[in-house]
Amino acid sequence: MKPAIAIPATLALMVFAAARRSLTPMGLLAATATAMAHAYHPWNTPFALLVAFFLAGTRVTKIKKDVKAKLTLSAGGDSGGEGPRTHVQVFANSLVASILSILHARQLQQRAAALVDPNTPSPSGYLCYAYPGDVLMVGIMANYAAVAADTFSSELGILSRAQPRLITSLGLRKVPPGTNGGVTLLGLGAGLFGALLMVTVGFMFLPACSVRTVGTLGGGAPWTLADRRVFMGFLVLCGFAGTVLDSVLGALLQRSVKDVRSGKIVEGDGGSRALVNTTTTTTKTTAGKGDGAGKEAPSPAKGLPSRVVESGLDLLDNNDVNFLMAVTISVGAMYLASWHWGIRVEDVLKP
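Within each chain, residues carry numbers counting from 1 in the order of the written sequence. Local features are withheld for residues below a pLDDT of 70 in this predicted model, meaning they are given only at 70 or higher, and side-chain atom pairs are given and counted only at 80 or more; totals for whole chains, interfaces and linings count all residues. Side-chain measures here rest on the full set of heavy atoms in the structure, leaving out hydrogens and waters.

Caption draft 1: Highlighting the pattern of salt bridges. One side-chain nitrogen of Lys or Arg within 4 Å of one carboxyl oxygen of Asp or Glu is enough to make a salt bridge. Scanning the model with the defined rule gives 10 salt bridges in all. Residue E155 pairs with R85 through a salt bridge whose shortest N-O separation is 3.9 Å. Placement of E155 in helix α6 (residues 135–157) and of R85 in the loop between β1 (72–74) and α5 (87–116) is noted, with a sequence separation of 70 residues between them. Between D314 and R255 there is a salt bridge, and its shortest N-O distance comes to 3.5 Å. One end of the pair, D314, is in the loop between β8 (307–311) and α9 (318–341); the other, R255, is in the loop between α8 (225–253) and β4 (256–259), and 59 residues separate them in sequence. Using a relative accessible area of 37% as the deciding quantity, one classes D314 as partly exposed. Several salt bridges converge on common partners, so that one network encompasses R344, E346, D347 and K350. The secondary structure listing takes helices from DSSP runs of H or I that are at least 4 residues long and strands from runs of E that are at least 2 residues long, numbered from the N terminus. Type-normalised accessible area, obtained with a 1.4 Å probe on protein chains alone, sets the label of each residue: buried when under 20%, exposed when over 50%, and partly exposed for intermediate values.

Caption draft 2: Layout of a nonpolar patch on the surface. In this scheme, patches are assembled from residues that exceed 30% relative accessible area and form no salt bridge. Like charges are connected within 9 Å, while nonpolar side chains (Val, Leu, Ile, Met, Phe, Trp, Tyr) are connected within 5 Å. Residue burial considers only the protein chains on display, and all accessible areas are found by Shrake-Rupley using a 1.4 Å probe. There is a patch of nonpolar side chains on the surface, built from F91, L95, I99, L103, F323 and L349 and spanning about 480 Å² of accessible area. Per-element accounting of the nonpolar patch gives the leading share, four residues, to α5. When its relative accessible area of 46% is taken as the criterion, I99 is described as partly exposed.

Caption draft 3: Summary view of the state of the cysteines. Here, a disulfide means two cysteine sulfur atoms that sit within 2.5 Å of each other. Applying the stated rule across the entire model yields one disulfide. Sulfur-sulfur distance for the disulfide between C128 and C209 comes to 1.9 Å. Between C128 and C209, the disulfide has an S-S torsion of 95° and is therefore right-handed. In this pair, C128 sits in the loop between α5 and α6 while C209 sits in the loop between α7 (185–204) and α8, placing the two residues 81 residues apart along the sequence.

Caption draft 4: Just the sheet that holds β4, in detail. Strand order in this open sheet of four strands is β1-β5-β4-β8, and the pairing throughout is mixed. The sheet is open, and its two borders are formed by β1 and β8, each paired with just one other strand. If you compare each strand with its neighbour and ignore which way they point, the axes differ by 50° on average. Any two strands with at least two DSSP-identified bridges between them are counted as paired. Of the pairings in the sheet, the one linking β4 to β8 comprises four bridges and is antiparallel in character. Pairing of K258 across the sheet is with V308, part of β8. Axis definition: a line fitted to C-alpha atoms, over the contacting stretch in the case of helices. Angles run 0 to 180 degrees between N-to-C directions.

Caption draft 5: Spotlight on the packing of α7 against α8. Remark: α7 packs on α8, axes separated minimally by 8 Å, with the N-to-C direction vectors making an angle of 140°. Taken together, the axes of α7 and α8 lie oblique to each other. The chirality of how α7 crosses α8 is right-handed. Mapping the contact onto sequence places L188, L192, A195, L196, V199, T200 and F203 in α7 and R228, F231, M232, L235, V236, G239, F240 and V244 in α8. Any residue outside Ala, Val, Leu, Ile, Met, Phe, Trp, Tyr, Cys, Pro, Asp, Glu, Lys and Arg is labelled polar, Gly included; the first ten of those are nonpolar and the last four are charged. Classifying every residue of the contact of α7 with α8 gives 12 nonpolar, two polar and one charged. In what follows, roughly perpendicular refers to angles from 65 to 115 degrees, roughly parallel to angles under 35, roughly antiparallel to angles over 145, and oblique to any angle outside these ranges. Rotating anticlockwise by less than a right angle from the far helix to the near helix defines a left-handed crossing, while the corresponding clockwise rotation defines a right-handed one. Every residue pair with non-hydrogen atoms within 4.5 Å of one another is taken to be in contact.

Caption draft 6: Representation of the pairing of β4 in the model. Here β4 pairs with strand β5 (residues 265–267) via two bridges, running antiparallel. Bridging across to β5, V257 finds its partner in V266. The antiparallel pairing of β4 with β5 creates a hairpin that spans five residues between the two strands, and G263 there sits at a positive phi of about 75°.

Caption draft 7: Geometry of the environment of P164. With respect to the helices and strands, the residue P164 is situated in the loop between α6 and β2 (165–166). The class for P164 is buried, based on a relative accessible area of 8%. On a C-alpha basis, the gap between P164 and T184 in space is 5.2 Å, while along the polypeptide they are 20 residues apart. Beyond its immediate chain neighbours, meaning those up to four positions away, P164 contacts R173, K174, V175, P176, P177, G182, V183 and T184.

Caption draft 8: Just the environment of L324, in detail. Along the chain, L324 falls in helix α9. Along the chain, L324 and A92 lie 232 residues apart, while their C-alpha atoms are 8.3 Å from each other. Residues in contact with L324, not counting those within four places in the same chain, are L249 and L316.

Caption draft 9: Expanded view of helix α1 (residues 3–20). One fewer than the residue count of a helix, multiplied by 1.5 Å, yields its expected span. Taking 1.5 Å per residue, 18 residues should reach 26 Å; α1 reaches 25 Å between its end C-alpha atoms and fits that length. Of the positions making up α1, those classed as buried are A6, T10, L13, M14 and A17. Buried residues of α1, seen end-on, are gathered within an arc of 95° and therefore sit on one face of the element. Away from its buried face by more than 90 degrees, α1 exposes A4, L11, V15 and A19. The inward-facing, buried residues of α1 abut α2 (25–39) and α3 (45–62). Downstream of α1 by one or two residues, R21 has phi in the positive range, about 55°. Arc definition: it is the arc formed by the directions from the helix axis to the C-beta atoms.

Caption draft 10: View of the environment of T58. If you trace the backbone, T58 turns up in helix α3. We classify T58 as buried; its relative accessible area is 9%. When the C-alpha positions of T58 and T151 are compared, they lie 9.6 Å apart, and in sequence the two are 93 residues distant. When near neighbours in sequence (up to four residues on either side) are disregarded, T58 contacts F16 and S22.

Given below as structure tokens:
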């Protein structure tokens, strides 16, 4: 990406994030490093996907924020809701795409050098994106389709009037809003829309080979309408699979903690674990004269835990689940694309 575009765009994003308090100070540093990794790519596609995900994710997080805050509790017992995102959350969503973006940038640079060097064998790939094309770009686009689908599903699904149902339970039992693995039709539909949005943005900025590139240095055959439909449809399905996988992983491997008194889910700060409080409080009252002044009146909940486990094992936190999902979907999409296109795994990084 041209520095004249990348530098002002990155600064504008950081100023926007700081003004909206979307990121913590460490989150801003992580986002800056992520933007630099994406801007290193000669194409605008990775950076455009990053910007679209950040802006869209910020927007859906703000939708009815006051309503969503009342549906869950924070770790401290106050109203829940999403606070500024930390550096861990930034990397959980974008680290895979950052690595793949740098790898694909190096691949394109080596390819361009080989095309102008008569002593180097001609590369098998192109400088525009052909169909079949570079598998690494499939992984980048699949990553953002998946994390956007998960973000849209989580932030909008919790507003559903229908009570969420645990995706891994045989009877799809009802669970409180905010439960890891709790799904609604609204949430699944929002996830599908999020995936479609990212794939559309990615394809708009993808320098696909066209009739103009035929016969040029590093040019490939133009895409057909059928190629576009298959490519975009596949990536949208990958994104939708991401939000479903995230729900399954969350339901099985991430503990959901419920506050007994309110019946609400307790959210850990910055996507971390919410602790189960095994102690209970007592209510102290001072009775009037003749009624035992100064005696302690026990709470009805005395002897019972104030927080209980609603579902899931305490193996991963929310950031772990998001990162594992992103890795699985990106790698899985690249594997399926290489299998469909007949590209050997050992040839994925070759120019």
